[in-house]
2 protein chains.
Amino acid sequence: MDKELATALFESLASGVRLDVFRLLVKHAPTGLVAGEIAARLDIPSTNLSFHLKAMTHAGLVNVTQEGRYQRYRANLAVMQALIDYLTAECCNGNPEKCFDAGSAST
Amino acid sequence: MDKELATALFESLASGVRLDVFRLLVKHAPTGLVAGEIAARLDIPSTNLSFHLKAMTHAGLVNVTQEGRYQRYRANLAVMQALIDYLTAECCNGNPEKCFDAGSAST
DNA sequence: ATTACTATACAACAATTATTGAAATATTGA
DNA sequence: TCAATATTTCAATAATTGTTGTATAGTAAT
């Protein structure tokens, strides 16, 4: 995980629409959902959803596979785990004790 | 941690400049650095740095305290930990086994 | 008070990102 | 092949974000 990938992933998560999409896909892992289903559930115009899905796919946050005329999207949980690891390392860099004292009381 | 805060934090981390600033402040936790020192180390014009520091402060990613004519900035590690917790929950929502199988092999 | 120094606010502008509708591409099934 | 469906691409535009220089406000020290 380098800086460039990290910022790309953060950017993918920095929009309400994309965060909604990702959370929906996580809920439906590992099956995933086809584009039309995502659009219907989140009530987003298909062109706009396509725009965001393309960005997320490019960043590697989601994967896509073709199923006939459908495109099935799945959350990339491995990348998400790598991001969490990166964030943990960045957060605690040189000061691990501080980091895990502070915020662990989050319900 | 709600969606609004999460997107604000992701947005804070989604820029190369801001990610650099944050990582620098984490390295210097818990002392922090004054604005001029950050600008010098990262070679960013002070006005531009101020713009980004303001955004990060607003999002809660960093804290600031006045020291005479200096402004000292510190990484907010508690918020970072809360974000990691949020991300872990989002990532594993309904499928914890999948998440931690996949990406844990990150050095 | 005045001079120097630190940092932010403001204004102008550049660049990027988001949204929408219409058109295009590709697949399915009659 | 033809009509129907699913999704993306494209073009136009709106909205947001990033960068820079100049001006301002505050602090420090003489």
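For the structure, check the block above.
Residues numbered from 1 in each chain as written. Chains lettered and ligands numbered in written order. Predicted model: local features only at pLDDT ≥ 70, side-chain atom pairs only at ≥ 80, totals over all residues. Heavy atoms only, no water.

## Here we look at the overall build of chain A
Quick reminder of the rule: The numbering of helices and of strands both runs from the N terminus, where a helix is a DSSP run of H or I of at least 4 residues and a strand a run of E of at least 2. Throughout this description, buried means an accessible area under 20% of the type-specific maximum (1.4 Å probe, protein chains only), exposed means over 50%, and partly exposed covers the range between. Contacts are residue-level and defined by heavy atoms, with any inter-residue pair within 4.5 Å sufficient.
In terms of regular secondary structure, chain A is built from six helices and three strands. The linear arrangement of helices and strands in chain A, starting from the amino end, is α-α-β-α-α-β-β-α-α. When burial is assessed residue by residue, chain A has 45% of its 107 residues classed as buried. Long-range pairs, those at least 24 residues apart, make up 53% of the contacts in chain A with a sequence separation of at least 6.

## Considering the protein's contact with DNA strand D
Rules: Only a single heavy atom is needed: when it lies within 4 Å of a molecule or strand, its residue is near that molecule or strand. Polar contact criterion, stated in full: a pair of N or O atoms within 3.5 Å, where within protein one must be able to donate a hydrogen and the other to accept it, and residues adjacent in sequence count only if both atoms are side-chain atoms. When residue character is reported, Ala, Val, Leu, Ile, Met, Phe, Trp, Tyr, Cys and Pro are called nonpolar, Asp, Glu, Lys and Arg charged, and the others, Gly included, polar.
Close to DNA strand D lie 21 residues, the nearest being A:Gly36, A:Arg69, A:Tyr73, B:Thr47 and B:His52. Among all atoms of DNA strand D positioned within 4 Å of the protein, those belonging to sugar or phosphate total 65%. Here a sugar or linking oxygen of DNA strand D and a side-chain polar atom of A:Arg69 are 3.1 Å apart. Between DNA strand D and B:Asn48, the relevant distance is 3.4 Å, taken from a phosphate oxygen to a side-chain nitrogen or oxygen of the residue. Breaking the surface near DNA strand D down by element, the ones donating at least two residues are helix H3 (35-42), helix H4 (46-59) and strand S3 (70-75) of chain A together with helix H4 (46-59) of chain B. For the surface near DNA strand D, a count of residues per class yields six nonpolar, 10 polar and five charged.

## Remarks on the environment of B:Met56
Residues and elements named next belong to chain B. Tracing the backbone shows methionine 56 in helix H4. Placed 15 residues apart in sequence, methionine 56 and arginine 41 show a C-alpha to C-alpha distance of 18 Å. Setting aside its immediate chain neighbours within four residues, methionine 56 contacts Ser12, Arg18, Val21, Phe22, Leu61 and Val62.

## Description of the sheet that holds S3(A)
All names here are of chain A. The test is simple: Pairing between two strands requires that DSSP report at least two bridges joining them. What counts as an axis is a line fitted to C-alpha atoms, over the stretch in contact for a helix, and the angles between N-to-C directions run from 0 to 180 degrees.
Overall, antiparallel pairing links the three strands, which are arranged S1-S3-S2 in an open sheet. This sheet does not close on itself; its edge strands, each paired only once, are strand S1 (33-34) and strand S2 (62-67). Note that S2 and S3 share six bridges and pair antiparallel. Looking at the pairing, glutamine 66 lines up with glutamine 71 of S3. Here helix H2 (residues 16-27) sits on the sheet in contact with S1, S2 and S3, set at roughly 85° to S3. Strand contacts of H4: S2 and S3, with the helix running at about 115° to S2, the strand carrying the most contacts.

## Examining the sheet that holds strand S2 (residues 62-67) of chain B
The antiparallel open sheet is built from three strands, whose spatial order is S1-S3-S2 (chain B). The strands lining the two open edges of the sheet, one partner per strand, are strand S1 (33-34) and S2 of chain B.

## A word on the protein's contact with DNA strand C
Looking at DNA strand C, there are 21 residues lining it, with A:Thr47, A:His52, B:Gly36, B:Thr47 and B:Tyr73 nearest. In DNA strand C, atoms within 4 Å of the protein come from the sugar-phosphate backbone in 71% of cases. Between DNA strand C and A:His52 there is a distance of 2.6 Å, counted from a phosphate oxygen to a side-chain nitrogen or oxygen. For the surface near DNA strand C, the secondary-structure elements that each account for two or more residues are H4 of chain A together with helix H3 (35-42), H4 and strand S3 (70-75) of chain B. Considered class by class, the residues forming the surface near DNA strand C number six nonpolar, 10 polar and five charged.

## Re the packing of aromatic side chains
The condition that has to hold: Classification of ring pairs uses Phe, Tyr and Trp, with its six-membered ring standing for Trp, and accepts pairs whose centres are within 6.5 Å; under 30 degrees between planes counts as stacked, over 60 as edge-to-face, and the remaining range as tilted.
Scanning the entire structure with this criterion turns up one aromatic pair over all chains. Ring geometry for A:Phe10 against B:Phe10: centres 6.2 Å apart, planes inclined by 20°, an arrangement best described as stacked. You can see A:Phe10 sitting in helix H1 (residues 3-13) and its partner B:Phe10 sitting in helix H1 (residues 3-13), one on each of two chains.

## Re the environment of A:Asn76
Residues and elements named next belong to chain A. Tracing the chain through its elements places asparagine 76 in the loop between S3 and helix H5 (77-92). For the pair asparagine 76 and valine 64, spaced 12 residues apart in sequence, the C-alpha to C-alpha distance is 9.7 Å. Aside from chain neighbours lying at most four places away, what touches asparagine 76 is Phe22, Gly60, Leu61, Val62 and Asn63.

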